[in-house]
Every structure is written in structure tokens, then in C-alpha cells.
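Coordinate inspection notes
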Amino acid sequence: AVVSTQSTGEEEKMVEAIELVNSGERISDVSKLYEIPRSTLSYRLKESNVLSVGRPTVFTAAEEKIIANVIKVSQDRLLPMTSTNLRGHIQDVLVEEVTKGVRRIIPAGFVNYYPTKRWLEGFTKRNGISFRTPESYSKSRGNVTEVDIRQWFTDTQEYLDSHSDLLQAVNDPARVFNIDKTAARISPISGKVLALKGKRDVGQVAIGNEKSNITVLATICGNGKWLPPLILLPYKRLPSSVVEKIPDWVIAGTVKHKFFFLKKKKKKNKKKIKKK
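With that settled, the discussion passes to the packing of aromatic side chains. Applying the stated criterion across every chain yields a total of three aromatic pairs. When the ring of F59 is compared with that of W119, the centres are 6.4 Å apart and the planes differ by 65 degrees; the resulting orientation is edge-to-face. With a gap of 60 residues between them, F59 in the loop between α3 (38-46) and α4 (61-76) and W119 in helix α6 (residues 117-126) connect regions that are remote in the sequence. Each of the two residues, F59 as well as W119, counts as buried. When the ring of W119 is compared with that of F123, the centres are 5.2 Å apart and the planes differ by 10 degrees; the resulting orientation is stacked. Of the two residues, W119 and F123 both sit in helix α6, four residues apart, roughly one turn of that helix. This pair shows no difference in class: W119 is buried, exactly as F123 is.

Written as C-alpha cells, this is what we have:
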């Protein structure tokens, strides 16, 4: 039979008992401590339709907000945290608290105070954090701010205003070209990192040479026409086996020698069929 706990004091006692059991204490010990029948305590732990009591969080809402802010600052500095980094930092904090005598409810799954994946999933959901794959930036590119970009546009506009012939070119679609590049990375980058939800771009400062890749440069004109794409390959000399596979309409070359070539179409020898 279920023992009713109508009074506020008894209900508070039940909640505290459930929290202790969820933190890893034995049901029998908690039952004796709070003078609650073991069957009643077991029922309240198993049945969510009587009273839904969630597992207590390791950190308070205010503390989790501070952790989330650290993740945001790291993200803004292009040094985003991985899940392993975060869990390692949390472990260091918990170990330091133990040495200082700070009492905190630690779930049983925290082996050597290292947070579990379940805790990480709950933390990210509560604080609007997602797992993202960052875009790798060089240090020089990562130091560019919004003020720098706006100043560039201001300086460019002033320069064009002082040269009427250039201003005419900008207003002519046939003389305006847009260039963009994409790369197949040769050097690997890190996996997914922690980032606030809604963030469009997540960057990361590259370790080593960020330009170690095969680059394709695409150019299109304002009137809709496009130029042959340019492919930069990481070779000193282009192997003949690679040259043969490059399409006729592509400009290819190597970065080191700054050599480019446009592959010419081979003329097919058509055999004339003599009429009998």
C-alpha cells in the first residue's frame, strides 16, 4: 500500500530522500535515516505518475550559466571547446573542490569525477548549446574584426569616388567579377566542438598550415558569364597521370612554381570513308 504524504513537511522529507538515493546512497540507509518505509520510497522512485522528481543537477543554474559563458567566450575567440575539453575542466573543478572540502552531490556515474555523456547531453540542452564542426581560420584571418571590415568598405568607396572611371566600372555588370574558393583539406581538423545554438559560423584557429589543400577558384561575372575555374594542386610538377584527368575547360597548376596551363582539346583524327 502507498503511504500518503499529504503534509508539506513529509513531502519535503520525501523529496530529500529521493535526491539522496539518486545521488548514489542505498535505499535501505535513506529509508532508516528519514523513517520512510522502504516500499514507499521504492515506489516513489519508480513511479513517475505519483510525483515526478528529476535527478538533481551537479551544478546550480547560476553555475551552469557561468560554464556556458566560458564556452561562448572561447567560441568568440576562435578557440572553441570540445566535449572532451569541457568534461576535463569540470573534472578538475570537482577534484579541486574535494581537496578544499566543498560538499556537492556527485552522480555515481562520475568515475574519478569525470562527467558522463548523459550529463553533457543534459547540460547542452539546458543551456542552448549544440555540437558543431568549426571552420578553420588562420591567425591573421581570425584577428579581423567587424570594425576592420567596415573600414575597408569605407576606404574603398572613398577611393572609387575619387576616380570616376573606376566608379563607372563598378556600375557595369560586365566589369564586375565575384571570386570564391573552396578547398579539399589535406591536413585534418578537429571534430565537433561546443557552440551556442543559432550561431551561423563557428571558427577555429588552424594548427599548422591551413592552406595545405587542393584549392578550386571559381569566378563569375555580374552579367552571368563565368571564367574557367582555377585548380591549385600541391605538386612541384604536375604528373602526366593527373594532367590527363583534368577537364578541358579547367585551368590547373601548382602553387610553388606559379605555373598554370589550360588543357587544350586533342583533335580527333576522323577517318574518311571512301564511297564505293
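This brings us to the nonpolar core. In this structure, L86 and W119 are the most contacted members of the largest nonpolar core, which totals 16 residues. The set of elements that each furnish at least two residues to this core consists of α4, α5 (83-100) and α6. Those residues in contact with W119 that sit more than four places away from it in its chain are V58, F59, E64, I90, F110 and R126. Counting eight residues, the second-largest nonpolar core is a separate cluster that includes V21, V30, I36 and L41.

Next up on the list: unusual backbone geometry. In this structure, E35 takes a positive phi of about 55 degrees despite not being glycine. With respect to the element layout, E35 can be found in the loop between α2 (27-34) and α3. Non-glycine residue Y113 carries a positive phi angle of around 65 degrees. Relative to the helices and strands, Y113 resides in the loop between α5 and α6. You can call Y113 partly exposed: its relative accessible area is 29%.

Turning our attention to the confidence of the model for the chain. The predicted model of the chain averages 77 in pLDDT, with 75% of residues at 70 or higher. Here residues 1-7 is a poorly scored stretch, pLDDT under 50, and it has eight contacts once near neighbours within four places are set aside; other chains count. The low-confidence segment residues 48-53 (pLDDT under 50) makes seven contacts with residues lying over four places distant or belonging to another chain.

Before going further, it helps to spend a moment on α6. Every buried residue of α6 is accounted for by W119, L120, G122, F123 and T124. Buried residues along α6 sit in contact with α4, α5, β1 (129-132) and β4 (193-196). A positive backbone phi angle near 65 degrees is found at G128, which sits one or two residues after α6.

The next thing to look at is the side chain of S74. Mapped onto the elements, S74 comes out in helix α4. Note on S74: relative accessible area 16%, which makes it buried. In this view, S74 contacts L79, P80 and M81; residues no more than four positions away in its chain are not counted.

Definitions and limits used
Residues numbered from 1 in each chain as written. Predicted model: local features only at pLDDT ≥ 70, side-chain atom pairs only at ≥ 80, totals over all residues. Heavy atoms only, no water. Phe/Tyr/Trp six-rings, centres within 6.5 Å; stacked < 30°, edge-to-face > 60°. Helix = DSSP H or I, 4+ residues; strand = E, 2+ residues; numbered from the N terminus. Buried < 20%, exposed > 50% of the residue type's maximum accessible area, 1.4 Å probe, protein only. Core = buried A, V, L, I, M, F, W, Y, C linked by side-chain atoms within 4.5 Å. Contact = heavy atoms within 4.5 Å. pLDDT = per-residue confidence, 0-100.

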